[in-house]
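# Reading the structure
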Amino acid sequence: MTTPSNATEQSEAATPEGAAPPQNAGTTDQERTRRWRLLLGEAAQESTCALGSSSDAAMDGALAALYDRPDSADGSGPRSAGLGSSAPRVARWLGDIRTYFPTSVVQVMQRDAMDRLGLTQLLLEPEMLDAVEPDVHLVGTLLSLNRVMPETTKATARMVVEKVVRAVEERIAQHTRAAVTGALNRSARTSNPKLRDIDWNRTIRANLAHYLPEHRTVVPQRLVGYARRSQAVQRDVVLAIDQSGSMASSVVYASVFGAVLASMRALRTSLVVFDTAVVDLTDKLADPVDVLFGTQLGGGTDINRAIAYSQSLITRPTESMFVLISDLYEGGIRAEMLTRMAAMKDAGVQVVVLLALSDEGAPSFDRDNAAALAGLGIPAFACTPDKFPELLALSLERGDIGRWAQSL
């Protein structure tokens, strides 16, 4: 029998949602046997025991429909259980797994169903979208189907995408705005502030060497404060996002970050997505859902062309930040791509290369191109959405990104 992509999560799934799973130390022999029976399936019936409740039987049926295969030498052949191509049957199965398993496990099983049972096309049916558990991976799948999606499905798909986007936005927006605002304030610090702009705490710390004990006071020889805030744009940020199929989660997160940054007056934010062509979606940044439906996941990759277009958007190099989000598999002209990146850095642009912006861990990427960029003083690394605001702040302050990346 083939087990799920994450056997640990399936084992933990043996407890219905809402019930706390027993701790390992206190797990009874009967409970351990039950879990092994659910994990291994009907093939373990004789060596374990019969399932004792209707909910266990329902969980076993849901797992069997997805993971059970007949015993054969090569693992091929018809399944002993399955969902077939029946949309109603799939809808019932999706409802069952949402009833008996926690959300994190439901999302794993949905992804496995897409891969193992070929259910992607069924997502074009509105009743399927009503039954699934929305997550970032599902949004990526829907976006890849965007061009072939019938009009009857698009409204439902948009609601699914919007639900995920709003959840991501709620998770990251406040932290991002706080980090960016703090970085811009610190970068505006001045040593010649007006009286009302003096930062007295920092000024005292900077002048402790000039403390006069007899007068019990500090004589400030250097004032620390902030320049008056200007309504003018302080920084330009250009996000270039690789929309090849492997970058689906990164596209979702980067689009939401782009919308959050675009809402800040102190920044001028541009967002472009690319495969072999480049599409400027800056005018859609008011709504990240519009941005996502403006993408088309899949296809080739021409990073050089995307960088060339991004260069045309940068008019103040020393006040600009360029973020390239790509796995660096270049289908265009590699030498020109590296030359353009070096030119931007030499002109004073703060250049950041992210191999992924997601929660999925180490991505697959072109190591030769990553090494070549590192040789130019441009480190390439993966970053989680929760760490990205911190990276933005460091970049806006022109901190040491390479050292920061090593600490991840």
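Structure report, in brief. (Residues numbered from 1 in each chain as written. Predicted model: local features only at pLDDT ≥ 70, side-chain atom pairs only at ≥ 80, totals over all residues. Heavy atoms only, no water.)

### With respect to the nonpolar core
Trp 93, Phe 101, Met 109, Leu 142, Leu 354 and Leu 391 are the most contacted members of the largest nonpolar core, which has 80 residues in total. At 11 residues, helix H8 (residues 151-187) tops the list of elements feeding residues into this core. What Leu 354 contacts, discounting residues up to four positions off in sequence, is Val 323, Leu 324, Ile 325, Ser 326, Phe 381, Cys 383, Phe 388 and Leu 391. Within the second largest apolar cluster, 23 residues are counted, among which are Ala 306, Phe 322, Val 349 and Phe 365. (Core = buried A, V, L, I, M, F, W, Y, C linked by side-chain atoms within 4.5 Å. Buried < 20%, exposed > 50% of the residue type's maximum accessible area, 1.4 Å probe, protein only. Helix = DSSP H or I, 4+ residues; strand = E, 2+ residues; numbered from the N terminus. Contact = heavy atoms within 4.5 Å.)

### Quick word on the environment of Val 251
Residue position: Val 251 is located in helix H10 (residues 248-262). Placed 112 residues apart in sequence, Val 251 and Val 139 show a C-alpha to C-alpha distance of 9.9 Å. When near neighbours in sequence (up to four residues on either side) are disregarded, Val 251 contacts Ile 241, Asp 242, Gln 243, Leu 292, Thr 295 and Leu 297.

### Here we look at the sheet that holds strand E8 (residues 320-325)
Strand order in the open sheet formed by six strands is E7-E6-E5-E8-E9-E10, with mixed pairing between adjacent strands. Two strands lie at the open edges of the sheet, namely strand E7 (278-280) and strand E10 (380-383), each paired on one side alone. Within the sheet, the average angular offset between the axes of one strand and its neighbour, ignoring direction, is 25 degrees. As defined by bridge partners, strand E6 (residues 267-274) adjoins E7 across three bridges and the pair is classed as antiparallel. Paired with Val 273 across the strands is Val 279, a residue of E7. Running at roughly 130 degrees to strand E9 (residues 350-357), helix H13 (residues 334-346) makes contact with E8 and E9 of the sheet. Those strands touched by helix H15 (residues 388-396) are strand E5 (235-242), E8, E9 and E10, and its axis lies near 170 degrees from that of E9. (Pairing = 2+ DSSP bridges. Axes fitted to C-alpha atoms, helices over the stretch in contact; angles between N-to-C directions.)

### Remarks on unusual backbone geometry
Peptide bonds are trans in most cases, and residues, glycine excluded, mostly fall at negative phi. Residue Leu 328 is not a glycine yet carries a positive backbone phi of 70 degrees. In this structure, Arg 398 takes a positive phi of about 60 degrees despite not being glycine.

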